[in-house]
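Next come the chains, spelled out residue by residue.
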Amino acid sequence: ALGRSDLSDRARAALMRFGEGLVAEVVERLRGQDANLATRTRLLGVVEGIGGRAAVELLMGAAMTGGQSMRNQALLGLWRLARDPLQPRPPRDWLVARADEEMRLLRVYSRVRGHIRGLGVRRLFFLTELDAMRWQAETRVFRLLGLLYPRAAMYRAYLHYRSDVRRVRSNAIELLDQHVRDPELRHFVNLIEMALDATVRLPAAGASLDGVDIAVAKLLAHDTPWLRRVWDWVLVGDIRLTLSDEGVLDVATDPMDIVFLLKSVPLFAGLSGEQLLPVADIVQRVDYEKGQVVFEQGQPGSHVYLVLEGSVEVLHDGERVAVLGAKECFGEMALLDSGARSASIRTLADTSLWAIAREDFQDLLDLHPALAKGVIRVLTHRLRDATDQQAASSDAKAA
């Protein structure tokens, strides 16, 4: 409403005062200790919707002092606000300084990747997390560049700079090189090219040296608490999370082991380990004996479940339609549409499940849109299986 040209000056001023009051309330909520990450992220979205100078200043503060998720959301909010020419923008010096800080992190990530040796499962997991952190930092730089240079050009470069097609990728980097004129920011082009080259090359195999591991730890000592935590986990030893011949997952109590397992589940594959860490705190283990019913068809849905050990059968109108084993999930559909359970679930063996409550799952969806893609992927896979089964049944009847 503040951007409409037909508003009188008095009405615009009144709306701006109202918006500033709402922003002040959001500031107090963010200063409190009771708001979780999902709530804090939603509050930044509220501020973005209000707009105005106070909103821009709050988002600038979150982009400087918040954690990874908060910085991502704050810079996205500033970038989206800039679509309205009547909205204020951060000062140019601030934008350049923030871009320079993000590029400093990118240089650290590149140095760390160059030190990693060995191809153990933990080190590969670390590299995956390192690349995820680097991609998020690159995205933040592109947001900042979109506030400094032609928005459309920066957005096109962002969309295609990681393309699998070499020509498309080269055109995107060339577009970036043409528009980024500030000498202190032109280093970003080189950082992008170095990062893309490092991503496609695996580190050298072989045993790692203690001196190299210490060097990595020093590089991660500042500004990278998540990567330092993963690296400490890497140094503990071989992974304690294994799949036995019977398909039973042996899960240690370390939250990092839980994160490692969740990362291998299709539903959560699109999230980074850092994004999955809060899930390790909210999953509840529940055990069932063989033949027990987890829930009945028609009941309201309150949890989504992941099979940790054992197996379950899916029953629709009393007829088995699927069997699910370790690392497979069920119950997510009722949480998405608030509908009743479409099938019953019964265990085929002694079974252990991880349960995530409806409210916590909704918070995860709000925080991480990639989780919605995982849900779509799982549901699409099941729909395809159901279609194939129907086709096979029809062919059998015809024969």
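The notes below deal with the structure included here. (Residues numbered from 1 in each chain as written. Predicted model: local features only at pLDDT ≥ 70, side-chain atom pairs only at ≥ 80, totals over all residues. Heavy atoms only, no water.)

**Looking at the environment of His160**
Positionally, His160 belongs in helix α7 (residues 151-160). Take His160: its relative accessible area is 36%, and that puts it in the partly exposed class. It is 8.8 Å that separates the C-alpha atoms of His160 and Ser170, two residues lying ten residues apart in sequence. Not counting the four nearest positions on each side in its chain, His160 is found in contact with Val168, Arg169 and Ala172. (Helix = DSSP H or I, 4+ residues; strand = E, 2+ residues; numbered from the N terminus. Buried < 20%, exposed > 50% of the residue type's maximum accessible area, 1.4 Å probe, protein only. Contact = heavy atoms within 4.5 Å.)

**Brief notes about the packing of aromatic side chains**
Applying the stated criterion across every chain, the model contains twelve aromatic pairs. Each residue in the set Phe142, Tyr158, Tyr161 and Phe188 is aromatic and connected to the rest through ring pairs, giving one cluster. Geometry around Phe295 places Arg341 over its ring, the cationic atom sitting 4.0 Å from the centre. (Phe/Tyr/Trp six-rings, centres within 6.5 Å; stacked < 30°, edge-to-face > 60°. Lys NZ or Arg CZ within 6 Å of the ring centre and 35° of its normal.)

**As for unusual backbone geometry**
Despite not being glycine, Asp317 has its phi angle at roughly 55 degrees, a positive value. The topology assignment puts Asp317 in the loop between β6 (312-316) and β7 (319-324). Of the residues examined, Asp317 reaches a relative accessible area of 60% and is grouped as exposed. Phi at Lys327 takes a positive value of approximately 75 degrees, unusual for a residue other than glycine.

**A look at the pairing of strand β5 (residues 303-309)**
For β5, a buried count of six out of seven residues is recorded, marking the element as mostly surrounded by other parts of the structure. Across two bridges, β5 lies against strand β8 (residues 329-330) in antiparallel orientation. Bridged to Tyr305 within β8 is Phe330. (Pairing = 2+ DSSP bridges.)

**Thoughts on the sheet that holds β5**
Here we have four strands laid out as an open sheet, ordered β3-β10-β5-β8, and antiparallel in their pairing. On the outer flanks of this sheet lie β3 (284-288) and β8, each paired with one strand and no other. Against the sheet, helix α15 (residues 358-367) engages β5 and β10 (351-357), with an angle of about 65 degrees to β10. (Axes fitted to C-alpha atoms, helices over the stretch in contact; angles between N-to-C directions.)

**Topic: the packing of helix α6 (residues 121-148) against α7**
Taken N-terminus to C-terminus, the directions of α6 and α7 make an angle of 165 degrees; their axes are 8 Å apart at the nearest point. What the angle tells us is that α6 and α7 run roughly antiparallel. Our pair here, α6 against α7, has a crossing hand that is right-handed. Contacts between α6 and α7 involve Trp135, Thr139, Phe142, Arg143, Leu145 and Gly146 from the first element and Arg151, Met154, Ala157 and Tyr158 from the second. Within the contact of α6 with α7, the residues separate by chemical class into six nonpolar, two polar and two charged. (Parallel < 35°, antiparallel > 145°, perpendicular 65-115°, else oblique. Left-handed = near helix turned anticlockwise from the far one by under 90°. Nonpolar A, V, L, I, M, F, W, Y, C, P; charged D, E, K, R; others polar.)

**Things to note about the environment of Val112**
By the element assignment, Val112 lies in helix α5 (residues 92-115). Overall, the relative accessible area of 0% leaves Val112 in the buried class. In sequence terms Val112 and Leu127 are 15 residues apart; their C-alpha atoms lie 9.4 Å from each other. Apart from residues no more than four positions distant in its own chain, Val112 is found in contact with Phe126, Leu130, Val216, Leu219 and Leu220.

**Overview of the sheet that holds β7**
One open sheet holds the four strands; their spatial order is β4-β9-β6-β7, and the pairing between them is antiparallel. The two strands at the open ends of the sheet, each matched to only one other strand, are β4 (293-295) and β7. Here the average twist between neighbouring strands, direction ignored, is 30 degrees.

**Focus on the nonpolar core**
With 92 residues, the main nonpolar core has Phe126 and Leu145 as its most contacted residues. For this core, the leading source of residues is α6, giving twelve residues. Non-local contacts of Leu145, meaning those with residues more than four positions away in its chain, are made with Met154, Leu176, Val180, Leu185 and Phe188. Judged by nonpolar contacts, the second largest core, of 13 residues, contains Phe295, Tyr305, Val312 and Leu324. (Core = buried A, V, L, I, M, F, W, Y, C linked by side-chain atoms within 4.5 Å.)

**A word on the side chain of Glu313**
Inspection of the secondary structure assignment puts Glu313 in strand β6. For Glu313, a relative accessible area of 5% translates into the label buried. Looking at Glu313, its side chain comes within polar contact range of the side chain of Arg320, at 2.8 Å. Only 2.7 Å separates the side chain of Glu313 from the side chain of Arg346, close enough to count as a polar contact. Apart from the residues lying within four places of it in its own chain, the contact partners of Glu313 are Arg320, Ala322, Val323, Ser344, Ile345, Arg346 and Leu348. (Polar contact = N/O pair within 3.5 Å; in protein donor to acceptor, adjacent residues only side chain to side chain.)

**Overview of α6**
Residues spaced three or four apart along an α-helix point in a common direction, a consequence of the helix completing one turn every 3.6 residues. Between its first and last C-alpha atoms α6 spans 41 Å; for 28 residues at 1.5 Å apiece the expected length is 40 Å, and the two agree. Burial runs high along α6: 24 of the 28 residues are buried. (Expected span 1.5 Å × (residues − 1).)

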